[in-house]
Amino acid sequence: MYSLTRIYFLEAYFELVKTLRTPSFVLPSLLFPVMFYLFFGVLFSPPGASNTSAYLLATYCTFGVMGPALFSFGAEVAVEKDRNMLALKQISPMPIFAYFNAKFITSAVFALIIILSLFTVAATLADVRLSTQQWLATMAVLLFGTLPFCALGLWLGLTLKAQSAPAVVNLIYLPMSFLSGLWIPLQLFPEFLQKMAFALPPYHLAQLTLKVQGLDDGHHWFIHLGALVFITGFCSIFAYLAFAKQSEA
Amino acid sequence: MPSNRAKIYVLVLVSLAIFVIALLPEPQVRTTPSFVLNNITLYDGATWHENAKLTIFEGKVINSEQAPKNLPTVDGKGQYVIPGLIDAHTHSWGQALEQNLTFGVTSVLDMFTDINFMRANQHSRQQTTLQARLFTAGTLVTSKEGHGTQFGIRIPTIENAIDADEFIAKRLQEGSDYIKIVYDAEPEKQQFGMRFTSISQDVLKAVVKATHIRNKLAVVHVMDEISALHAIESGADGLVHSFGNSIMSTELLSLLAQREVFVIPTNSVLASIGQQQRGRKLLQYSPLAYKVSSHGKSGLMSSFPPNVGNEEYWKNALENTRLMHRNGITVLAGTDAPNAGTTHGISLHDELAILVEAGMTPTDAIHSATGAVSDMFKLPHVGKLLPGFHADMIMLNEDPRIDIKHTQTIVKILLSGIEINEAELNDK
């Protein structure tokens, strides 16, 4: 009766319900991207420059989907680890992967809601027009694009202390977003910062998302995909090591 | 049971996603029409035809014998039909392409724009959207702190001839349709109250060569006789400015003719440098003045500071255009909009008027903004109303052969055969 899939399913469901009942998580992660896009993509966008709005739609979506991934893994895991919730999950008969899967599902659901609300704002208030394939492709790239940030978040969550985790995650999330050109197009940055962006994961996700509309910087898609796969792998290894270490304790 | 509720949640979420995606708007794609336009006086980009008909099939001109039978016919009695105009020297951003279209300028040759604008708008030249078709040099070729670097767009620059090959390969990879090079033989002298560095003639030669190897055109921005001579020696296909600081020498004129180098004098901006205030006059007298946006008006009203040029400068510039035409040099119409005193669209009609003042017949002037541009820049689909070309055209109420200002008596603008609805354009 209690099959493995059902365990995975229930764990994800309860994780999602728990998160939805946490306003300090829900409100910032859903409202900030929309609010920022309204300010920079709609209100301050120069009149008639409809592709600015389309460009910023891609970058603010990237900014939006990173948030839940980094926080549900980074901050939440740190807290649950320090409160011994993670240890409890580990000694329960549930496979521990169900716990991480639940976190991933939760951040994907949040990402989806963020993407859909930004799409709606862009289409209604900023006159962004894309073909159905482009809307779908943008959504797909962004949903898969949460993975590297889940991995990064997990590594941070397993390494950091509960008290410091939210602050550290923010200190990584916000400057990294800005320096990857998610808030203001990278072309407006000094050249050395433009070059530096290449080393930042959000830059690569934003470029892949922009590629759907042909507004990217013109590098090959496999460079960006490669960078994202590399980061996912890199962070996963360190997350695994951190997990192994904390399981011993 | 939570699992049932969970299933409902999953269902709701998925259907919400599908619902939102399905409702999201797509770009308007217009179906290109097919029809026969009868009873017109037609200029096809090369010659005039009285009592002509034009067969349009799916947005393109076709040979009437190959047309399917029973195409709808449109009576164009009393109308003069000429190809949509091409401005051979503009700088595009913001609403430039929409603004051009409002004035019957259905294609533009941009001579430097932000590559993001290029990427976003270049592809749409094959489709039918509410904008002029964009052909562009993309990023221009200039030296560090050279002309072109002062506009706040960060661009790569070139210093050494050895880098030319890689530099040009990069531009063409970005999507430049042709290469525009800025060259000044005497950068130590101030021009127009500003001082810029310039690439050397060696770099100019190397850049032209790298462009020609890749079968693209290299056009050069020069603003005086000596730089023009160097550009021609270096193999330039065209010059994108004339000048007014001296009268062209016979040496320059014969070299231009001999090497078949075309020139886009950009009289509109040279007139503005020479304090002619033609933009202001356009606003007063052009029947198209009512279409000029407030932004366009401020462009037309503005002028260069009086210390950069005077009446003399303009007289020389006009004389140079006259000399080039008389010596059989191909002169193309281009405005350099939106420089001071000009704006997109309406200024090209004034450029045609200037070309007639410089001694061209009205037909020559129209040719310089249609068929000649198509020939010189090797644009196979725009600038003519011959089989295979886009059905981009303007229909005029009065005969432009009698008075070039009649290009401003526009009744209809067609892009790929689709009548441009101005209300819709302005709404955008």
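Everything below is about the structure shown above.
Residues numbered from 1 in each chain as written. Chains lettered and ligands numbered in written order. Predicted model: local features only at pLDDT ≥ 70, side-chain atom pairs only at ≥ 80, totals over all residues. Heavy atoms only, no water.

**Quick look at the overall build of chain A**
Rules: Each helix corresponds to a stretch of at least 4 residues labelled H or I by DSSP, and each strand to a stretch of at least 2 residues labelled E; elements are numbered beginning at the N terminus. Radius of gyration: over C-alpha atoms. The globule rule applied is 2.2 Å multiplied by the number of residues raised to the 0.38 power. By definition in these notes, contact holds between two residues if any of their heavy atoms fall within 4.5 Å. The charged-residue count follows a simple rule in which Lys and Arg add positive charge and Asp and Glu add negative charge, with His and chain termini not counted at all. The location of each charge is read from NZ of Lys, CZ of Arg, CG of Asp or CD of Glu.
Regarding its fold elements, chain A presents 11 helices and 0 strands. Secondary structure elements in chain A, listed N-terminal to C-terminal, are α-α-α-α-α-α-α-α-α-α-α. The C-alpha radius of gyration of chain A comes to 18 Å, within 12% of the 18 Å expected for a compact globule of 249 residues. Overall, the C-alpha framework of chain A stretches about 60 × 40 × 30 Å when taken along its three principal axes. Look at the contacts in chain A between residues 6 or more apart in sequence, and 75% of them connect residues 24 or more apart. Charged side chains in chain A number 12 positive and 10 negative. The centres of these two groups are separated by 7 Å.

**Remarks on the overall build of chain B**
Applied cut-off: Note on areas: Shrake-Rupley with a 1.4 Å probe; residue coverage comes only from the protein chains shown.
The secondary structure content of chain B amounts to 15 helices and 15 strands. Here the C-alpha radius of gyration of chain B, 23 Å, is about what a compact globule of 428 residues would show, namely 22 Å. Its C-alpha atoms give chain B principal-axis dimensions of about 85 × 60 × 40 Å. A sequence separation of at least 24 residues applies to 69% of the contacts in chain B between residues at least 6 apart. About 17,900 Å² of surface is accessible on chain B, with carbon and sulfur atoms providing 52% of the total. Taken together, the 36 basic and 44 acidic charged side chains of chain B have centroids lying 6 Å from each other.

**Structural notes on the interface of chain B and chain A**
Convention followed: Only one rule defines a salt bridge in this text: a Lys or Arg side-chain nitrogen within 4 Å of an Asp or Glu carboxyl oxygen. For the purposes of these results, a polar contact is taken to be a pair of N or O atoms within 3.5 Å, where, inside protein, one atom must be able to donate a hydrogen and its partner to accept one; residues adjacent in sequence count only when each atom of the pair is a side-chain atom. Gly is placed with the polar residues, together with every amino acid not listed as nonpolar (Ala, Val, Leu, Ile, Met, Phe, Trp, Tyr, Cys and Pro) or charged (Asp, Glu, Lys and Arg).
Each partner contributes to the interface: chain B provides 23 residues, whereas chain A provides 33 residues. Linking chain B with chain A are 0 salt bridges. On inspection of chain B and its partner chain A, the count reaches 4 residue pairs in polar contact (both at pLDDT 80 or more). The set of elements that each furnish at least two residues to the side of chain B that touches chain A consists of α1 (2-23) and α3 (115-122) of chain B. Per element, the largest residue contribution to the side of chain B that touches chain A is 11 residues, and it comes from α1 of chain B. Its residues assigned to classes, the side of chain B that touches chain A shows 13 nonpolar, 5 polar and 5 charged.

**Let's talk about the packing of helix α6 (residues 225-233) of chain B against helix α7 (residues 250-258) of chain B**
All names here are of chain B. Rule in force here: Whenever a helix is involved, its axis is fitted only over the stretch in contact; in every case the axis is a line through C-alpha atoms, and angles between N-to-C directions fall within 0 to 180 degrees. Roughly parallel covers angles under 35 degrees, roughly antiparallel covers those over 145, roughly perpendicular covers 65 to 115, and oblique covers all other angles. The sense of a crossing depends on the near helix, which, turned anticlockwise from the far helix by less than a right angle, makes the crossing left-handed and, turned clockwise, makes it right-handed.
It is at 10 Å that the axes of α6 and α7 come closest, and there the two elements cross at 30 degrees. Between α6 and α7, the angle is such that the two are roughly parallel. The way α6 lies across α7 gives a crossing that is left-handed. Every residue of α7 that contacts α6 at Glu225, Ala228, Leu229 and Ile232 is listed here: Glu251, Leu252, Leu255 and Leu256.

**Remarks on α6 of chain B**
Residues and elements named next belong to chain B. Defined as follows: When accessible area is computed with a 1.4 Å probe and restricted to protein chains, residues below 20% of their type maximum are described as buried, those above 50% as exposed, and intermediate ones as partly exposed.
Counting buried positions along α6 gives 7 out of 9 residues, so the element sits mostly inside the fold. For α6, the complete set of buried residues consists of Glu225, Ser227, Ala228, Leu229, His230, Ala231 and Ile232. Elements in contact with the buried residues of α6: α5 (201-213), β10 (218-221), β11 (238-239) and α7. Note on α6: the residue one or two positions beyond its end, Gly235, has a positive phi of about 100 degrees.

**So, the nonpolar core**
All names here are of chain A. Note the following rule: For the purposes of this section, nonpolar cores are sets of buried Ala, Val, Leu, Ile, Met, Phe, Trp, Tyr and Cys residues that join through side-chain atoms within 4.5 Å.
Core analysis: the largest hydrophobic core is formed by 78 residues, its most contacted members being Tyr37, Leu57, Phe119, Val128, Trp135 and Leu158. No other element matches helix α3 (residues 50-82), which puts 17 residues into this core. Leave out the neighbours within four places in its chain, and Tyr37 touches Val42, Ser53, Leu56, Leu57, Tyr60, Leu118, Val121, Ala122, Ala126 and Val128.

Spatial relationships are all this shows, so hold off on functional conclusions.
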